[in-house]
Amino acid sequence: MLLLSSVPFEEFGYRTDFPKDPLPNRTFAVQSRIPDFVPLWGSLLGGIWWITHRREEVSKAEVEDKSGKKGGGR
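Analysis parameters
Residues numbered from 1 in each chain as written. Predicted model: local features only at pLDDT ≥ 70, side-chain atom pairs only at ≥ 80, totals over all residues. Heavy atoms only, no water. Helix = DSSP H or I, 4+ residues; strand = E, 2+ residues; numbered from the N terminus. Rg over C-alpha atoms; globule rule 2.2 N^0.38 Å. Buried < 20%, exposed > 50% of the residue type's maximum accessible area, 1.4 Å probe, protein only. Lys, Arg positive; Asp, Glu negative; His and termini not counted. Charge placed at Lys NZ, Arg CZ, Asp CG, Glu CD. Phe/Tyr/Trp six-rings, centres within 6.5 Å; stacked < 30°, edge-to-face > 60°. Salt bridge = Lys/Arg side-chain N within 4 Å of Asp/Glu carboxyl O.

Section: the overall build of the protein chain
Then comes step 1: Looking only at helices and strands, one finds two helices and zero strands in the protein chain.
Then comes step 2: On C-alpha atoms alone, the protein chain measures out to a radius of gyration of 31 Å, which is more than a quarter above the 11 Å that the 2.2 N^0.38 rule sets for 74 residues.
Then comes step 3: Based on the C-alpha atoms only, the size of the protein chain along its principal axes is roughly 100 × 25 × 15 Å.
Then comes step 4: The 74 residues of the protein chain split such that 0% are buried.
Then comes step 5: Computed over 11 positive and 10 negative side-chain charges, the inter-centroid distance for the protein chain is 13 Å.

Some points on the packing of aromatic side chains
Then comes step 1: Under the defined criterion, the tally for this structure stands at two aromatic pairs.
Then comes step 2: Grouping aromatic residues by their ring pairs yields a cluster made of Phe9, Phe12 and Tyr14.

Remarks on the pattern of salt bridges
Then comes step 1: Evaluation of the coordinates by the stated rule reveals four salt bridges.
Then comes step 2: Two residues, Asp17 and Arg15, come together in a salt bridge whose shortest N-O distance is 3.1 Å.
Then comes step 3: Take Asp17: its relative accessible area is 55%, and that puts it in the exposed class.
Then comes step 4: For Arg33, the salt bridge is made with Asp36, and the minimal N-O distance between the two is 3.3 Å.

These figures capture arrangement, not role.
So this is what it looks like as structure tokens:
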């Protein structure tokens, strides 16, 4: 929206304390760090996934061992 007025914007109640530097300069500081965190989060989430699925595999193997030993000893 573009507002044109011969009256100062403070009289309308609009903010006039905006920064003078362009917003792309501010967002560049944050966006330049994103490539650093993507592999970190990917590795972390992949590790959590592996641990949880490994626990499920181990518990299934333990149940199969227990049922196999009981059935073979009869």
